[in-house]
Amino acid sequence: MSNNTENTVNTILESYKKHDLICRIDEDNIVNKDTLIKIVEELRRLLFPGFFDKNKVRSEYIRYLLGERLEFIQYNLKKQVAKALGNNENCAECERSEILAAADEIVNNFIQKIPTIREYLATDIQAAYDGDPAAYSTDEIIFCYPGVFAITVYRIAHELFIMNVPMIPRIISEYAHSATGIDIHPGATIGKHFFIDHGTGVVIGETTVIGDNVKIYQGVTLGGLSTRKGQQLKGVKRHPTIGNNVTIYSGTSVLGGETVIGDGATIGGNAFIVNSVSAGMKVSVKNPQLEYSPSPSQLKNNEYWDWVI
Amino acid sequence: MSNNTENTVNTILESYKKHDLICRIDEDNIVNKDTLIKIVEELRRLLFPGFFDKNKVRSEYIRYLLGERLEFIQYNLKKQVAKALGNNENCAECERSEILAAADEIVNNFIQKIPTIREYLATDIQAAYDGDPAAYSTDEIIFCYPGVFAITVYRIAHELFIMNVPMIPRIISEYAHSATGIDIHPGATIGKHFFIDHGTGVVIGETTVIGDNVKIYQGVTLGGLSTRKGQQLKGVKRHPTIGNNVTIYSGTSVLGGETVIGDGATIGGNAFIVNSVSAGMKVSVKNPQLEYSPSPSQLKNNEYWDWVI
Amino acid sequence: MSNNTENTVNTILESYKKHDLICRIDEDNIVNKDTLIKIVEELRRLLFPGFFDKNKVRSEYIRYLLGERLEFIQYNLKKQVAKALGNNENCAECERSEILAAADEIVNNFIQKIPTIREYLATDIQAAYDGDPAAYSTDEIIFCYPGVFAITVYRIAHELFIMNVPMIPRIISEYAHSATGIDIHPGATIGKHFFIDHGTGVVIGETTVIGDNVKIYQGVTLGGLSTRKGQQLKGVKRHPTIGNNVTIYSGTSVLGGETVIGDGATIGGNAFIVNSVSAGMKVSVKNPQLEYSPSPSQLKNNEYWDWVI
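Quick caveat: nothing in here was measured; it's all calculated off a predicted structure.

One copy of the chain maps onto the second through a rotation around an axis plus a translation along that axis. At an RMSD of 0.0 Å, chain C and chain B line up after a rotation of 120 degrees and a shift of 0.0 Å along the axis. Expressed as a symmetry operation, the mapping of one chain copy onto the other fits a three-fold axis. By residue overlap, the copies meet through two different surfaces: only 17% of the interface positions of chain C are interface positions in chain B.

Now for the interface of chain C and chain B. Between chain C and chain B, the residue contacts involve 65 residues of the former and 69 residues of the latter. Broken down by secondary-structure element, the contributors of at least two residues to the side of chain C that touches chain B are α1 (3-18), α8 (168-180), β7 (221-223) and β14 (282-285) of chain C. The element contributing the most residues to the side of chain C that touches chain B is α1(C), with 8 residues. Within the side of chain C that touches chain B, the residues separate by chemical class into 26 nonpolar, 26 polar and 13 charged.

Let us look at the relation of the copies chain B and chain A. Mapping chain B onto chain A is achieved by rotating through 120 degrees and translating by 0.0 Å along the same axis, at an RMSD of 0.0 Å. The two copies present different faces, since only 17% of the interface residues in chain B are matched by interface residues at the equivalent positions in chain A.

Moving on to the sheet that holds strand β2 (residues 189-190) of chain C. Residues and elements named next belong to chain C. Taken together, 4 strands build an open sheet; the order of strands is β2-β5-β8-β11 and the sheet is parallel. The sheet terminates laterally at β2 and β11 (260-261), the two strands that pair on one side only. The pairing of strand β8 (residues 241-242) with β11 spans 2 bridges and is parallel. Bridged to T241 within β11 is V260.

Counting residues at the interface gives 65 residues for chain B, matched by 69 residues for chain A. Listing elements by their share of the side of chain B that touches chain A, those giving two or more residues are α1 (3-18), α8 (168-180), β7 (221-223) and β14 (282-285) of chain B. In terms of residue count, α1(B) provides more of the side of chain B that touches chain A than any other element does, 8 residues in total. In terms of residue class, the side of chain B that touches chain A is made up of 26 nonpolar, 26 polar and 13 charged.

With that out of the way, let us pick up helix α8 (residues 168-180) of chain A. Residues and elements named next belong to chain A. Over its 13 residues, α8 extends 19 Å from the first C-alpha to the last, a length consistent with the 18 Å expected when each residue adds 1.5 Å. Counting buried residues along α8, 10 of its 13 residues qualify, which places the element largely inside the surrounding structure. G181 sits one or two residues past α8 and shows a positive phi near 75 degrees.

Further remarks concern unusual backbone geometry. A positive phi is found at N270(A), a non-glycine position, where the angle reads about 55 degrees. You can call N270(A) buried: it has 24 C-beta atoms within 10 Å.

Right, let's talk about the environment of I73(B) for a bit. Residues and elements named next belong to chain B. Within the secondary structure layout, I73 lies in helix α3 (residues 62-87). Under the C-beta neighbour-count criterion, I73 is labelled buried, with 20 such atoms within 10 Å. I73 sits 30 residues away from L43 along the chain, and the two C-alpha atoms are 7.4 Å apart. Each residue touching I73, except ones within four places of it in the same chain, is listed here: I39, E42 and L43.

Glancing now at the domain arrangement of chain A. Residues and elements named next belong to chain A. The domains assigned to chain A are domain 1 (26-182) and domain 2 (188-285). Here the C-alpha centroids of domain 1 and domain 2 sit 25 Å apart. With 16 residues of domain 1 at the contact, the number on the domain 2 side is 13 residues. Looking at the side of domain 1 that touches domain 2, the elements with two or more residues in it are α5 (114-131) and α7 (146-162). Broken down by element, the side of domain 1 that touches domain 2 gets its largest block of residues, 7 residues, from α5.

We now examine helix α7 (residues 146-162) of chain C. Residues lying three or four places apart along an α-helix face the same way, a consequence of the helix completing one turn every 3.6 residues. Residues and elements named next belong to chain C. Between its terminal C-alpha atoms α7 stretches 24 Å, which fits the 24 Å expected from 17 residues at 1.5 Å a residue. Of all the 17 residues making up α7, 16 are buried; the element is thus mostly covered by neighbouring parts of the structure. Phi for N164, located one or two positions after α7, is positive at around 60 degrees.

Across the sheet, 4 strands lie side by side as β2-β5-β8-β11 (chain B); this open sheet has parallel pairing. Each edge of the open sheet carries a strand with a single partner, namely β2 (189-190) and β11 (260-261) of chain B.

Here we take up the confidence of the model for chain A. Residues and elements named next belong to chain A. Within chain A, residue pLDDT values average 89, and 90% of them lie at 70 or more. The low-confidence segment residues 295-309, where pLDDT is below 50, has 35 contacts with residues more than four positions distant or belonging to other chains. In the model output, the complex is listed with pTM 0.92 alongside ipTM 0.89.

So, on to the packing of helix α3 (residues 62-87) of chain C against helix α4 (residues 96-112) of chain C. All names here are of chain C. Here α3 crosses α4 at 135 degrees, and the two axes come no closer than 8 Å. Regarding the angle of α3 to α4, the classification is oblique. As for the relative orientation of α3 and α4, their crossing is right-handed in sense. Along the contact surface, α3 presents L70, Q74, L77, K78, V81, A82, L85 and G86, while α4 presents I99, L100, A102, A103, D104, I106, V107 and I111. Per-class residue counts for the contact of α3 with α4 are 12 nonpolar, 2 polar and 2 charged.

Basis of the calculations
- Residues numbered from 1 in each chain as written.
- Chains lettered and ligands numbered in written order.
- Predicted model: local features only at pLDDT ≥ 70, side-chain atom pairs only at ≥ 80, totals over all residues.
- Least-squares fit on C-alpha atoms with pLDDT ≥ 70 in both.
- Contact = placed C-beta atoms within 7 Å.
- Helix = DSSP H or I, 4+ residues; strand = E, 2+ residues; numbered from the N terminus.
- Nonpolar A, V, L, I, M, F, W, Y, C, P; charged D, E, K, R; others polar.
- Pairing = 2+ DSSP bridges.
- Expected span 1.5 Å × (residues − 1).
- Buried ≥ 20, exposed ≤ 12 C-beta atoms within 10 Å, placed from the backbone.
- Domains from an automatic or database assignment.
- pLDDT = per-residue confidence, 0-100.
- Axes fitted to C-alpha atoms, helices over the stretch in contact; angles between N-to-C directions.
- Parallel < 35°, antiparallel > 145°, perpendicular 65-115°, else oblique.
- Left-handed = near helix turned anticlockwise from the far one by under 90°.

The following block contains the structure:
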C-alpha cells in the first residue's frame, strides 16, 4: 500500500467507528438475500408445477420432484430462519439449540400451509381471468401478470410474518416489490379472489385487512394517516379495512386505520378517501373540473403553451 | 422419506389434483422465459449495434456479426414460437410439421420487419433528445432511458402480436414492465417519434392507438372504462385514440374506447379525461383548489399536524 | 448463407447506414453497464460493511478487506471513467494520457468522499427508522428499504456528477430506478436525514435542491414546468427548492424552478403545487369533492355500475 492508500483506509476505518449504526462488524450475517430469492423461486415452481420448470413435469415422477423441492426448501429456509432468529435482539440470550428447534418448527408449520396457499392462489388466478378482458388464458396470467407474482410472494411472506419470523418476510416482499412495483407489506391480511391489475405503484400497508373478491388497479395506496408520531404508532391499526367484492380504480388512496370500505362498494379512480364508505356505494371524484383553452376558434398555429411536466 | 415427509408430499399431491388450474403436469412447457429474455437482449444489440456490445463493433466484421445474431434469433425464436403455437388451444389438433412451418413463416416475417423497427426507433431517440433538457446526448438516451427500453421491447412485441403469436409478446412486454415500471400492452398501436419520460407507472392498454410525435410522462394511464363485464369485452376497442403531436403530463388518466384526443392537444398533469378533446386544445385541471393552514402568523412551534400518508 | 439470409443481412446493413444515429460502429465502447453495476454493489458493501457480505466481517481482517475493495473500485472505476471521458465530444481531441490522468484524479477525489457519503447515509437510515412505524429495526431498513438503496446510489452518482463525469452517473441512477421505481437525477442536491417511503413513482429532477430532514412518499414528483423548449432549457434551474423539515405526501407534484417550499412545511397527498409555500404552512387539497351514488336505500342488488379502469 502507498502512504496515500494507507491514509484512505484509515479514514474509512474511522468512519466505520464513528457511524457504526450502518456497520455489522464481528456480527453474524443476518440472512442471505440471494438464498432467500432462490427459495422463493423454488416455492413458486412447487406452487405452480410445470409452469416455471425447464422440463416437462411428468406425473410418474412428480412425487420425487416434489420430495426434492421440499428438501431444498426445508434445508435452506431453516438455516435462514435460524439466522434471522439469532439476530433478533430479544433472542440475544437464546441458546443455539433453542434457535434451531424454533426454526425447525416454523419451517415445518410453513410447509403445512402450502396446500392452503395453493387454494388461495387458484382463486386469485380465476379472479384475474374473470376480471380482465385483455387476458387470453389463465396460463398467460400465471406466466406474465406482475400482480400474480406479487400476490404469490405476499402469500408466502404473510405465513412467515404471522409466525413472527424477523426480517425474512420483508426481504422477500421487497424482492417482489422490486420486480413488480407492487409493495404489499407481509403483515397485511388478504382474502381469496384477489386481483391487482397492472399494479405499478400499489402500496398496501402493514395493518390493512382485505376481504374476498377485491380488485385494485395500478397506483392504489391503502395507507395510514400520519401524525408525525413515527415509531410510537408501531402495532396500532393504521391502515384501512376493505370488505368483500370491492373494486378500487387506479390512483386512488384509501387511508386510515378506522376507514372501512363496505361490501360491494366501488371507488373510482384518483380519489382520496379518508372516511368510511357504506356497503354497496359507488364513490367517485366529483365531475372532474377541467379548463379548456384556447377555444379552437382562437387558436393560431403553435401559439398554445404547456403547463406542467 | 420419514412418515412425516410422506404425508406432506401426499397432501401437496392432492392439492395438485384439486387445484389443477394452476398445474401443468404432463403438458409440454409453454415457452422458456429465460430464452425469450436472451432473444430480446440479442435483438437489442442487433437494433443498436455497438451500444450494448462488450467489444468494439468493427465495420469490416459487421456482416459476420450480424449473420451470427440473425442465426441465434431465428433458431431460438422459432423454437419458442412453435412451443407457444403448440400450446394454443385452437392448435390442439395441429400436426407438428404444420406448427413448425407456421413458426418458420412467422419468424421470417418478423426478421423482415427489423429495418422498419429501426426506422421507428431512430425517430423515438430523436424525440427524446429534442424533448428533454436533462438529456446530454442521444448516446445517453439509448444507454439510460427506461422509456427507450420499454418502447424498443414494445416495437418487437407488437410485430409478434399482430402475427397472432400467443403468450410471447406479453411475456417480453412484462420483462420490460418489470425493468422500467412502464406497462405497454403489445396490442397497442404507436406511431413514430414517441417519447415516454421517467415512465414509472405508465399503462397503455391493448386497444390504444397513438399517432406520431406523442410525448407522455410518468404515471399516465391510457385505459378502459370498466363496466364489470370482464371477458365479455375481449376484442372490443376499450382504450383511447391519441392524435399526432399530443403531450400528456404526469399522473393523468385518459380512459375509454371512444375517447379521442385530437392532433396537437396538450393535457395537463393529474387530469382525469373520459371525454374527447378537440385538436389543438389545452386541457388542465381547473385551478388546483388548495387549503392553507394555519396562517404563518398563527403558527406556534411544532403545533401543526400532518394529514395523510 | 442462403440467398435469402444474404438479402436480409444486406437490408439490415443498409438500415445501419441510413439510421446511424442509433449505431456505434467503429467507435470505442462507451462504458460497460455490467461493470458499473459491480462497482456500485462493491461500493455498497464498502459503505455498509457486514450487511451485504457473504461471510462475517471480522475486525481483525477488515483493513485488508477494505484495501482489496478500494483496489477493485479504483481499478475498475478509473477504466470506466476514462472510457466515458474519451467518448465525450468535448474531449475528442484529448490525448490518451490526459484522459487517464483526469480519470485518476476523479476517482481519487471520489474515494476521499466516501466518509462523507457514509455520514449522510447514517442520517438517512436514522430518519427512516424515526419516521416509519412499520420499521422493526435499522438493520431491516438497510436490508430491505428501496428508498435507502435509491438514496445510496444517488449519493454515489451525485459525487461523480459534480465532477462532470459523463454518462456514468446517469447509468447507475437508472440501475437504482429500475430496481426501486425511484428516479433521482444525479444532478439533484439533497441534504441529510432524507427519507423516501415506499417510493415507487418518485421523480426528482436534475436541478432540484432539497434541505435536511425531508420526507417524501411514493408517487411524488419534484419536476419542471415545461414550455416545449426542450434542449433550450439545458442548465436552467427548472425544478423546485425544498427547505428543511418538509414532508410531502404520496402522489403530489411540486413543479417549477422558482417554486420554493419553506422550512417546516407539510404538503398533503395528491396535490399539485406550482407556487411557493411559506415556512411552516400545511397545504392540502381542498376537501376532496366526492360523489356518492346510489344512496344505499335506493340500491338494488347488483345494480350499481363501475366507472373507470
